[in-house]
Protein chains: 2
Amino acid sequence: MPESDLPDIRGLHLFEEMSDEHFRALMRGSYVQNFPPQIELIEEGDPSDFLHIVLSGSVELFSSWNGRETSMATVRPVSTFILAATIKDAPYLMSGRTLEKSRIALIPSQDVRAVFDIDAKFARAIVTELAQCYRSVVKNTKDLKLRTSLERLSNFLLRQQKYSGGGAEFDLPLEKRRLASVLGMTPENLSRAFKALQSYGVKVTGNRVAISDQKDLERFAKPSPLIDDYST
Amino acid sequence: MPESDLPDIRGLHLFEEMSDEHFRALMRGSYVQNFPPQIELIEEGDPSDFLHIVLSGSVELFSSWNGRETSMATVRPVSTFILAATIKDAPYLMSGRTLEKSRIALIPSQDVRAVFDIDAKFARAIVTELAQCYRSVVKNTKDLKLRTSLERLSNFLLRQQKYSGGGAEFDLPLEKRRLASVLGMTPENLSRAFKALQSYGVKVTGNRVAISDQKDLERFAKPSPLIDDYST
DNA sequence: TCATCTGCTTGATAAATGTCAATCGTTAAC
DNA sequence: GTTAACGATTGACATTTATCAAGCAGATGA
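## A short note on the domain arrangement of chain A
Residues and elements named next belong to chain A. Taken domain by domain, chain A holds domain 1 (3-143) and domain 2 (148-228). The C-alpha-based centres of domain 1 and domain 2 are spaced at 28 Å. Facing the 10 residues of domain 1 at the interface are eight residues of domain 2. Across the domain 1/domain 2 interface, buried area totals approximately 920 Å², and carbon plus sulfur atoms make up 45% of it. The tally of links from domain 1 across to domain 2 stands at one salt bridge. Put simply, domain 1 and domain 2 have four residue pairs in polar contact (both at pLDDT 80 or more) between them. Going through the elements one at a time, β5 (68-75) and α6 (120-146) are the ones with two or more residues in the side of domain 1 that touches domain 2. Broken down by element, the residue count for the side of domain 1 that touches domain 2 peaks at four residues, all from β5.

And the structure:
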């Protein structure tokens, strides 16, 4: 583990408050690796030997069943993934692959569990992080079960707009076919959904999205903090 | 809080390992209440003042948006709910109502957070519980995104069968219209799905389900431990 | 016993979504 | 510069799912 990567990791909520000694102990057994794009880092069902941290690049978490595949989440720097599997010492529920050239830190799961037991600050941080993850997935479930694909897309655009600073124009941060998978629909359906949103003042050219009638789109999308607010 | 309720609560994984002193401290501010059926205990969006424990009866967790409603989970004795909201001191993401006459224990959220910080065993238990909850929701998301409603129903039946002891016949533990909502479909669609499963040897009379050709149903349902196994 | 209620089922129809195949447009390699 | 590759789009069509309305059946209560 190169010294230069430590500050990034230390800066994560998860490791921010813990003692220096315990942090060093965690890092001792860890290492950092660079991966090219489209490399499968973990496969669902595998034992969870490492807690992963994306230092740069991005990682897609996805799941498969019966020949179908769906995108579950995108992990961007700097954050961890598969924390729950690490804590429970249970198999991964999702696979993970790099989307681009990425730098990943790997911390042995058993070290995470060991330090958890002796560092109350670290324990507190893990609980907060897990609770956050849990609530995100619950919101996602509500999005899937309560909304049509057109409504999901509208609210995704509003969230993305907010995240990009709130301006009338912004870029989609992922390929459309991956967006379709994230939203639980086919690329063809997404393409038609974009077209349908034209009547609410949404114009899409490539990855660029322009919202000309904010109020109108919001009236249709009906965003709710209990589904769309990532922070709480 | 009556003395007679303490053993049930103490027996929960969550409270099993913690010190007697801290357990008593938690219980001191808590109380127990009996509710009739169909009473709304919590409403999504409310601040999370109490961690709830179902001592008897059952509670449905559900969510609403734009006039629609969906059933998220059923909580049966003896277990807790809305742990994540309590930990994060964030608003509830789901509403909860009693399905039948129920006995509920209420523990002030701030006490839970306070004891968490001073009792490592309790902290460990909370993390394990949260990780479990998180993984359950992830599995549910996979179920929703990767399977058709007929496949979801089939796998639900296989899970329920296993849970009921594995025999060829068992009872549905909930109303069909609620089951439909849990599976993310309409009651009409569920009714037709049951009929479609007749060709795989599933017979339903009232709440009674009989599976005459186990292998055939499994061949269709393709259950996967990474979606359908609740224990891991 | 009868009436009523409620949940379940059924049929007809509509809407949403997926599939398949072809085409377009951009990118990237040669 | 040309060509190949790939993602996005479009059209035609099939499937899945929802909606609406009506009927049915077991439970409840007078």
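## Considerations on the protein's contact with DNA strand D
Around DNA strand D lies a shell of 15 residues, among which K176, R177, R192 and K195 of chain A together with S149 of chain B are the nearest. The side chain of S149 of chain B places a nitrogen or oxygen atom 2.8 Å from a phosphate oxygen of DNA strand D. Interatomic distance of 3.1 Å between a side-chain N/O atom of E188 of chain B and a base nitrogen of DNA strand D. Looking at the surface near DNA strand D, the elements that each hand over two or more residues are α8 (176-182) and α9 (187-196) of chain A together with α9 (187-196) of chain B. Looking at which element gives the most residues to the surface near DNA strand D, the answer is α9 of chain A, with four residues. In the surface near DNA strand D, the residues fall into one nonpolar, six polar and eight charged.

What counts and what doesn't
Residues numbered from 1 in each chain as written. Chains lettered and ligands numbered in written order. Predicted model: local features only at pLDDT ≥ 70, side-chain atom pairs only at ≥ 80, totals over all residues. Heavy atoms only, no water. Domains from an automatic or database assignment. Contact = heavy atoms within 4.5 Å. Buried area = accessible area lost by both parts, 1.4 Å probe. Salt bridge = Lys/Arg side-chain N within 4 Å of Asp/Glu carboxyl O. Polar contact = N/O pair within 3.5 Å; in protein donor to acceptor, adjacent residues only side chain to side chain. Helix = DSSP H or I, 4+ residues; strand = E, 2+ residues; numbered from the N terminus. Near = heavy atom within 4 Å. Nonpolar A, V, L, I, M, F, W, Y, C, P; charged D, E, K, R; others polar.

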